[in-house]
Amino acid sequence: MSVWVVCEHRNGALREVTYELLAHGAALCMGAVTAVILAGPGEGEALAALINGKAERTLLVEDPSMSAFNGTAQALALASLAEGAQEPPKAILGAHSAAGMDWAPTLAGKLSCPAVTDAVALSMEGDSLTATRVVYGGKLQSKIKLGGAKMVIATIRPGSLEDEPKAASVETSIEATSVSLPSELGKRFIAWVEEAAGDVDISQADILVSVGRGIQDKENIDVAEALAEALGATVSCSRPVVDMNWLPKERQVGISGKTVKPKVYIALGISGAFQHATAMKDSAMIIAVNKDPKAPIFQIAHYGIVGDLFKVAPALTAAVRAAKG
Ligand SMILES: Cc1cc2nc3c(=O)[nH]c(=O)nc-3n(C[C@H](O)[C@H](O)[C@H](O)COP(=O)(O)OP(=O)(O)OC[C@H]3O[C@@H](n4cnc5c(N)ncnc54)[C@H](O)[C@@H]3O)c2cc1C
């Protein structure tokens, strides 16, 4: 079975989700994963070098229409590659990102094949690719079997898969190819708007100190910031903290915020409602501080401290500072 991964890149760098997709794609097809790079002229080679060893081969298309994101151009290019392939892919995987949400349904329409979007897991069950999606606001997981289809398309929620490279670390062969695209795509790129300076991407942080409603007041966030500073961590939060304008939306962890998977997640005064827990439960180490011993967060925490965060967090900060000398 052959699996293609559509590599997502920005400003000459591959986005983290690409590595997750390559690792997972390789696990699904026992290593025979193909990375597809759609890039502007002169951009592809450097991106292909970043894939080396993580895929069996890289299909590289450079075209002026790919210099800036254009979902229609990407969908048409992918359709042309898949239709012309000697061994067509069984699955085409991409990120459930603004880009993936654009090209994937268009591609499914072009290829008349099924698409599953926002999957959190993929597996092979017999001959069928099976996708897992989170439904009813995270209360249930549904499994979708894509049995009879010759080809399927799936977009995966960033941060939901392991990103350990499982592909054989062989030299990745690069196949440069071209596609013929219409001059009028019906869609044009206008501008790239950067996030305001100072905004933080919590999904990239190694250590998160996350605050919940238990922090009680905006001014008390200092307590979490002091601990974060001592640890070299980033501050994130639960939804009520955003709703009360104590922290900006970019800091929210949860189904309506970001999915995170840091090395350490410290939850201060967070109950662990499933809308929050679903998006941080895969953190390598979860440390919860809550005064309620029955708080659900303790069910997923590796270490739990039943106590008042206003006593525990400053004590942790002092201990970290003392340990660092
Ligand atoms: C459609 C939908 C989407 C949602 N999306 C999200 C989302 O993306 N992210 C999200 O977080 N939530 C989301 N929610 C809200 C979610 O259901 C919970 O209401 C929310 O996660 C609770 O946040 P919390 O744990 O901070 O607050 P609470 O549930 O109020 O918990 C506060 C905790 O702090 C503890 N506490 C209080 N004082 C102290 C103290 N001094 N020391 C120690 N512990 C203390 C309490 O014991 C309690 O456990 C969503 C809800 C819906 C319906």
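Residues numbered from 1 in each chain as written. Predicted model: local features only at pLDDT ≥ 70, side-chain atom pairs only at ≥ 80, totals over all residues. Heavy atoms only, no water.

Caption draft 1: Up close: the overall build of the protein. Per the secondary structure count, the protein includes 9 helices and 16 strands. Its C-alpha atoms give the protein a radius of gyration of 22 Å, within 12% of the compact-globule value 20 Å for 325 residues. A principal-axis box enclosing the C-alpha atoms of the protein has dimensions of 65 × 45 × 40 Å. Considering only contacts in the protein between residues 6 or more positions apart, those separated by 24 or more positions represent 64%. Here the protein displays about 15800 Å² of accessible surface, and carbon together with sulfur accounts for 51% of that area. Distance between charge centroids for the protein: 8 Å, based on 29 positive and 35 negative side chains. (Helix = DSSP H or I, 4+ residues; strand = E, 2+ residues; numbered from the N terminus. Rg over C-alpha atoms; globule rule 2.2 N^0.38 Å. Contact = heavy atoms within 4.5 Å. Areas by Shrake-Rupley, 256 points an atom, 1.4 Å probe, with all protein chains shown as cover. Lys, Arg positive; Asp, Glu negative; His and termini not counted. Charge placed at Lys NZ, Arg CZ, Asp CG, Glu CD.)

Caption draft 2: Up close: helix α5 (residues 221-231). Buried within α5 we find I221, V223, A224, L227, A228 and A230. Buried residues belonging to α5 abut β12 (207-211), β13 (234-237), α6 (239-243), β14 (264-268) and α9 (309-324). At the C-terminal side of α5, G232 shows a positive phi close to 70°. (Buried < 20%, exposed > 50% of the residue type's maximum accessible area, 1.4 Å probe, protein only.)

Caption draft 3: Representation of the domain arrangement of the protein in the model. When its domains are assigned, the protein resolves into domain 1 (3-177) and domain 2 (202-324). Here the C-alpha centre of domain 2 lies 33 Å away from the C-alpha centre of domain 1. With 11 residues of domain 1 at the interface, the matching set in domain 2 holds 7 residues. The junction of domain 1 with domain 2 conceals about 670 Å² of combined surface from both sides, 52% of it contributed by carbon and sulfur atoms. (Domains from an automatic or database assignment. Buried area = accessible area lost by both parts, 1.4 Å probe.)

Caption draft 4: Molecular detail of unusual backbone geometry. Despite not being glycine, N11 has its phi angle at roughly 50°, a positive value. Within the secondary structure layout, N11 lies in the loop between β2 (9-10) and β3 (13-14). Although it is not a glycine, S112 sits at a positive phi angle of roughly 50°. Along the polypeptide, S112 turns up in the loop between α4 (98-111) and β7 (115-125).

Caption draft 5: Fine view of the packing of helix α3 (residues 71-84) against α4. At a minimum axis separation of 8 Å, α3 and α4 run at an interaxial angle of 40°. Classified by the angle their axes make, α3 and α4 are oblique. In terms of crossing hand, the pair formed by α3 and α4 is right-handed. For the pair formed by α3 and α4, the contact residues are G71, Q74, A75, L76, L78, A79, A82 and E83 on the first element and D102, W103, T106, L107, K110 and L111 on the second. Its residues assigned to classes, the contact of α3 with α4 shows 8 nonpolar, 3 polar and 3 charged. (Axes fitted to C-alpha atoms, helices over the stretch in contact; angles between N-to-C directions. Parallel < 35°, antiparallel > 145°, perpendicular 65-115°, else oblique. Left-handed = near helix turned anticlockwise from the far one by under 90°. Nonpolar A, V, L, I, M, F, W, Y, C, P; charged D, E, K, R; others polar.)

Caption draft 6: The arrangement of the side chain of H276 in detail. Turning to its location among the elements, H276 is positioned in helix α7 (residues 274-277). Beyond its immediate stretch of four places on either side in the chain, H276 contacts S210, C237, S238, V253, G254, Y265 and I270.

Caption draft 7: Looking closely at the environment of A39. With respect to the helices and strands, A39 occurs in strand β4 (residues 33-39). Using a relative accessible area of 0% as the deciding quantity, one classes A39 as buried. When the C-alpha positions of A39 and L21 are compared, they lie 18 Å apart, and in sequence the two are 18 residues distant. The residues touching A39, leaving out its near neighbours within four places in the chain, are H9, G44, L47, V61, E62, D63 and M66.

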